[in-house]
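So the chains spell out like this:
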Amino acid sequence: MSSTSAQSARTRTEPALVRWLLIIVALLFLGLFLFVPLAAVFAQALEKGWGAYLAAIREPDALAAVKLTLITAAISVPVNLVFGVVAAWAIAKFEFRGKQLLITLIDLPFSVSPVISGLIYVLLFGLQGWLGPWLQEHDLKIIFAVPGIALATVFVTFPFVARELIPLMEAQGKDEEEAAITLGASGFQTFWRVTIPNIKWGLLYGVILCNARAMGEFGAVSVVSGHIRGSTNTIPLHVEILYNEYNYAAAFAVASLLALLALVTLVAKSFVEWRMRENA
Amino acid sequence: MSIEIVSVNKQFGSFTALSDVNLTVPSGELTALLGPSGSGKTTLLRIIAGLETPDAGSIRFDGEETTDRHVRERQVGFVFQHYALFRHMTVEQNVAFGLTVKPRKDRPSKKEIKERVHELLRLVQLEGLADRYPSQLSGGQRQRVALARALAVEPKVLLLDEPFGALDAKVRVELRRWLRRLHDEIHVTSVFVTHDQEEALEVADRIVVMNKGRIEQVGTPAEVYDQPANPFVFDFLGSVNLFHCRSEQGQARAAVPELSVGYVRSHDIEVERRQNDGAVEAEVRHIQAVGPAVRVELLVRGTGKTVEAELSRDGADRLALGVGETVYARPRKMQRFVGDYQI
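Residues numbered from 1 in each chain as written. Chains lettered and ligands numbered in written order. Predicted model: local features only at pLDDT ≥ 70, side-chain atom pairs only at ≥ 80, totals over all residues. Heavy atoms only, no water.

A. Spotlight on the UniProt feature "domain: ABC transporter" (unreviewed entry) in chain B. Taken from the UniProt record, the annotation "domain: ABC transporter" (unreviewed entry) applies to residues 3-237 of chain B. Measuring from the first to the last C-alpha atom of residues 3-237 of chain B gives 25 Å, for a span that is 37% helix and 26% strand. (UniProt positions renumbered as here; feature names shortened; annotations may be inferred. Helix = DSSP H or I, 4+ residues; strand = E, 2+ residues; numbered from the N terminus.)

Here it is as structure tokens:
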């Protein structure tokens, strides 16, 4: 019995050599392209010792960049959280004309280069743009200011929550919501007590990815920011400026903050994925 | 509470789900909507619940116009085919849901809710499982939780959409008998949808046979089975054999002889070894024992048509049939419908 099952296992899978080869290739690739650069970031950052590292992070321009990055994330994540839930709800629970178009539009930021996303806002709100003169008359600054950075970040990050929720909500169907309203629940009660608990892990997952991208976005933000030190620089932009000034240790020190964010995101993501599997 | 459905129409794009449906469901009865898939039975049930709106026509509860009333205010209990239990809530929380979402002034106290929930769980025989989550229950248990949850708000009407459709055969039979007994205890006006004729015949007080968005016949199980109104009902409620014959009555009345078709159920075909009056000669093609019955496929000599007869085990043993042998088949009971009908 055991010999036949071992035999059938052998016929079903690849030879051990092929299996190990594939695993080693995958690990080597990951090591070369992910782990080595990540280690290099920390090595470079600490090249001149802990003192220089902390000084680079505590420097006022660096702190301003951290603050702006946090503000940008604090605006774009909640906006996209609400938008993502609304869009996913509409797509998963209703039938309407133009549904496919809406799904395509939600994916747009993934298919457009971030630089173009930033340029759209320059063309709209810049001095030479459509709304530029009007904005200037009313003394409103969007481009080369915080609102422009927030807008560009919102644009680039809006697919994350919606994309995560649409398949989840479509798979869950609307039976539970229908059951809730036949039992007398209001729309609001149904949403809070039935829909949200069912999608909470997927929602959190989308928020984590959205946040990581909002903090790390470079291209779109670079176009609209104007690179004003201490005022319109986010962490990625600040890293670039330091690097261009040959201030490598400081550049890598600030970059290590983003690398840490990536690691935290990875851990949080794995935890949420594990919870989603447990709940499924 | 009685339900009246008056000239209800419903269209989904180019598909007609219901066309001019009229039906009265008497108070306190257990009514089955029976039909093949796509016959409109589930749509009708959802319209009664208020989960779909009819394109035309009206729904009345106890004579009172209800068509435009929101689901939430209709006081219906709805049981879904796939249970639709709230997966993140325990059994107790599921059953209590309808009570906890009531406006504060109508909401019972926590203690009263708990008592009511446990009383319902006793009714559906799930008392020990109050703290379990739906994923920890079997299909039959889940459906009973769904039923308790629907009953918690004391609905005036209980609507069940293929309530046993997702269960295994044995559990399905147990649960439908249990539902019948439960209904005899609580007497709430109930409508359930099914495509299983056996289920409808066994459980319902009245059966509404539906096909292609229309009602074909309404009657007690005995009526629809013994006096089917048309060939569709005859066919849908059991296995059937067709005998084409020229109707003598038709011949007498009309100049052109009308073609009538005789419908005979498989178990109403008598198979004999000896030629008798009205019997046709046939060859045994296939013999298959199915549980307590034996199905015999017969080829009627000279016509090339096959007839299926269902015999009891005893009857089959007595005949000791073998494939290829010649026998004589005679319909014990036949119903004629004028006109041709394709099965």
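B. Summary view of the nonpolar core. Core analysis: the largest hydrophobic core is formed by 46 residues, its most contacted members being B:Val95, B:Leu121, B:Leu147, B:Leu158 and B:Ile207. A total of seven residues in this core trace back to one element, the largest contributor, which is helix H5 (residues 139-152) of chain B. Those residues in contact with B:Leu121 that lie beyond four places of it in its chain are B:Val91, B:Val95, B:Leu126, B:Glu127 and B:Ala130. In this structure, A:Ala179, B:Val25, B:Leu44 and B:Phe86 belong to the second largest nonpolar core, which totals 39 residues. (Core = buried A, V, L, I, M, F, W, Y, C linked by side-chain atoms within 4.5 Å. Buried < 20%, exposed > 50% of the residue type's maximum accessible area, 1.4 Å probe, protein only. Contact = heavy atoms within 4.5 Å.)

C. Representation of the sheet that holds strand S8 (residues 189-194) of chain B within the structure. All names here are of chain B. Read across the sheet, six strands follow the order S6-S7-S8-S3-S9-S10 without closing on themselves; strand pairing throughout is mixed. Two strands lie at the open edges of the sheet, namely strand S6 (76-79) and strand S10 (214-219), each paired on one side alone. Neighbour-to-neighbour, the strand axes of this sheet turn through a mean angle of 15°, independent of strand direction. In this fold helix H1 (residues 41-49) packs onto strand S3 (30-34), S6, strand S7 (157-161), S8 and strand S9 (206-211), with an angle of close to 150° to the strand it touches most, S7. (Pairing = 2+ DSSP bridges. Axes fitted to C-alpha atoms, helices over the stretch in contact; angles between N-to-C directions.)

D. Structural detail: the interface of chain A and chain B. Contact residues are listed per partner, giving 18 residues for chain A and 21 residues for chain B. In this assembly, chain A packs against chain B so that about 1,800 Å² is buried in total across both faces, 59% of it on carbon and sulfur atoms. It is A:Thr182, A:Leu183 and A:Arg193 in chain A that bury the most area against chain B; as a group they hold 36% of the surface buried on that side. A salt bridge links B:Arg46 to A:Glu178; its shortest N-O distance comes to 2.7 Å. Viewed at the interface, chain B and chain A are joined by seven residue pairs in polar contact (both at pLDDT 80 or more). Counting only elements with at least two residues in the side of chain A that touches chain B, the list comes to helix H10 (175-182) and helix H11 (187-216) of chain A. Partitioned by chemical class, the residues of the side of chain A that touches chain B number seven nonpolar, seven polar and four charged. (Buried area = accessible area lost by both parts, 1.4 Å probe. Salt bridge = Lys/Arg side-chain N within 4 Å of Asp/Glu carboxyl O. Polar contact = N/O pair within 3.5 Å; in protein donor to acceptor, adjacent residues only side chain to side chain. Nonpolar A, V, L, I, M, F, W, Y, C, P; charged D, E, K, R; others polar.)

E. Spotlight on the domain arrangement of chain B. Residues and elements named next belong to chain B. For chain B, the domain assignment lists domain 1 (3-237) and domain 2 (240-337). The C-alpha-based centres of domain 1 and domain 2 are spaced at 39 Å. Contact between domain 1 and domain 2 buries roughly 780 Å² in total, counting both sides, with carbon and sulfur atoms accounting for 56%. Per-residue buried area on domain 1 facing domain 2 is highest for Tyr225, Pro231 and Phe234; these three make up 68% of the total on that side. The interface formed by domain 1 and domain 2 includes three residue pairs in polar contact (both at pLDDT 80 or more). Broken down by secondary-structure element, the contributors of at least two residues to the side of domain 1 that touches domain 2 are helix H8 (221-226) and helix H9 (231-236). Ranked by residues supplied to the side of domain 1 that touches domain 2, first place goes to H9 with three residues. For the side of domain 1 that touches domain 2, the class distribution of residues is six nonpolar, two polar and two charged. (Domains from an automatic or database assignment.)

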